[in-house]
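Close look at the chain arrangement
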Amino acid sequence: MPPVDRERDTRAEQRPAPRFRLDQPRPPRRRLLPEYDPEAFGRLSERIARFLGTGRFIVWMTVTIIVWVAWNVWAPQALRFDPFPFLFLTLALSLQASYAAPLILLAQNRQDDRDRVNLEQDRKQNERAIADTEYLSREIAALRMGLGEVATRDWIRSELQDLVRELEEQRHGSRVVFPAEESGGRDVGDR
């Protein structure tokens, strides 16, 4: 083997296989089938399914079939394009039905997906509302318990009057009557 060929062979052997970088996206490959936007197709199928479920569609379909049959029965023989068994009409209606059914199913599936997402969001919102309500209920109960232990102004006044009375009794050795005692003393509701 000549030296030039040997150098080419060794360079080819030393060249590593091309490495793909994981931090960069791959270049787009050519596809045999045309690409389409699934969301746009779904929206279109929903619009068609919505139209197929209207009275307008039924009226237009009925008018079309009546005109078709009338034309092919009463028009001159040379102008009739679908004679009596109306095979072409049957084929057209079958084709329309074969496309309508999957489009309606696709629209229903998309609606089910939306309903599922809405139900999940409603469930989470209800859980948050219940948790918030329980938290607020606990806080209100804690405040009520805390307020039950808080001394009110009337209770403090009656306690101070009792202390003043005891001090007066100790100082004078006799009992002094205060206006609060004349009206019946402390009330349990004052606390």
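Parameters at a glance
- Residues numbered from 1 in each chain as written.
- Predicted model: local features only at pLDDT ≥ 70, side-chain atom pairs only at ≥ 80, totals over all residues.
- Heavy atoms only, no water.
- Helix = DSSP H or I, 4+ residues; strand = E, 2+ residues; numbered from the N terminus.
- Contact = heavy atoms within 4.5 Å.
- Areas by Shrake-Rupley, 256 points an atom, 1.4 Å probe, with all protein chains shown as cover.
- Buried < 20%, exposed > 50% of the residue type's maximum accessible area, 1.4 Å probe, protein only.
- Axes fitted to C-alpha atoms, helices over the stretch in contact; angles between N-to-C directions.
- Parallel < 35°, antiparallel > 145°, perpendicular 65-115°, else oblique.
- Left-handed = near helix turned anticlockwise from the far one by under 90°.
- Phe/Tyr/Trp six-rings, centres within 6.5 Å; stacked < 30°, edge-to-face > 60°.
- Salt bridge = Lys/Arg side-chain N within 4 Å of Asp/Glu carboxyl O.
- Expected span 1.5 Å × (residues − 1).
- Arc of directions from axis to C-beta.
- Nonpolar A, V, L, I, M, F, W, Y, C, P; charged D, E, K, R; others polar.

Here we look at the overall build of the protein
- Summing up its helical and strand segments, the protein has 6 helices and 0 strands in all.
- Along the protein, from the amino end to the carboxyl end, the secondary structure elements read α-α-α-α-α-α.
- For the protein, restricting intrachain contacts to residue pairs at least 6 apart in sequence, the fraction spanning at least 24 positions comes to 51%.
- Just so you have it, the protein exposes about 17300 Å², and 60% of that area is on carbon and sulfur atoms.

Re unusual backbone geometry
- Unusually for a residue other than glycine, F86 sits at a positive phi of about 50°.
- Its location among the elements puts F86 in the loop between α3 (55–74) and α4 (87–149).
- Here F86 falls in the buried class, since its relative accessible area comes to 12%.

Some details on the packing of α3 against α4
- It is at 11 Å that the axes of α3 and α4 come closest, and there the two elements cross at 160°. Relative to α4, α3 is oriented roughly antiparallel. Of the two possible hands of crossing, α3 and α4 adopt the one that is right-handed. Contacts from F57, M61, I65, W68 and V69 of α3 reach α4 at F88, L89, L93 and Q96.

Let's talk about the packing of aromatic side chains
- For the structure on display, the rule yields 5 aromatic pairs.
- Feature note: the residues W68, F81 and F88 constitute an aromatic cluster, connected by ring pairs.

A look at the side chain of S45
- Examined against the element boundaries, S45 turns out to sit in helix α2 (residues 38–52).
- Ignoring any residue separated from it by four or fewer positions in sequence, one finds S45 in contact with L103, L106 and A107.

Looking at the pattern of salt bridges
- Tallying each qualifying case throughout the model produces 11 salt bridges.
- Note that R50 and E46 form a salt bridge whose closest N and O atoms lie 3.9 Å from each other. Placement of the pair is R50 and E46 together in helix α2, with a separation of 4 residues, close to one helical turn.
- Judged by its relative accessible area of 54%, R50 is exposed.
- Salt bridges here are not isolated pairs; linked through shared partners, they connect E39, E46, R50, R110 and R114.

Some details on the side chain of R110
- Along the chain, the position of R110 falls in helix α4.
- When residues no more than four places from it in sequence are discounted, the contact partners of R110 are P38, E39, G42, R43 and E46.

Observations concerning helix α5 (residues 153–172)
- For α5, spanning 20 residues, the distance from its first C-alpha to its last is 28 Å, which sits close to the expected 28 Å at 1.5 Å a residue.
- When we look at burial in α5, the residues that qualify are S158, D162 and R165. With its buried residues spanning 60° around the axis, α5 presents them on a single face. Structural note: α5 exposes R153, L167, Q170 and R171 on the side pointing more than 90 degrees away from its buried face.
- With its phi angle positive at about 75°, G173 sits one or two positions after the end of α5.

Focus on the packing of α2 against α4
- Between α2 and α4, whose axes approach to 8 Å, the crossing angle comes to 110°. With respect to α4, the axis of α2 lies roughly perpendicular. The two elements α2 and α4 meet at a crossing, and its hand is left-handed. Residue-level contacts link P38, E39, F41, G42, R43, S45, E46, I48, A49 and L52 of α2 to Q96, A100, L103, I104, L106, A107, R110, Q111 and R114 of α4.
- Here the contact of α2 with α4 is built from residues that sort into 10 nonpolar, 4 polar and 5 charged.

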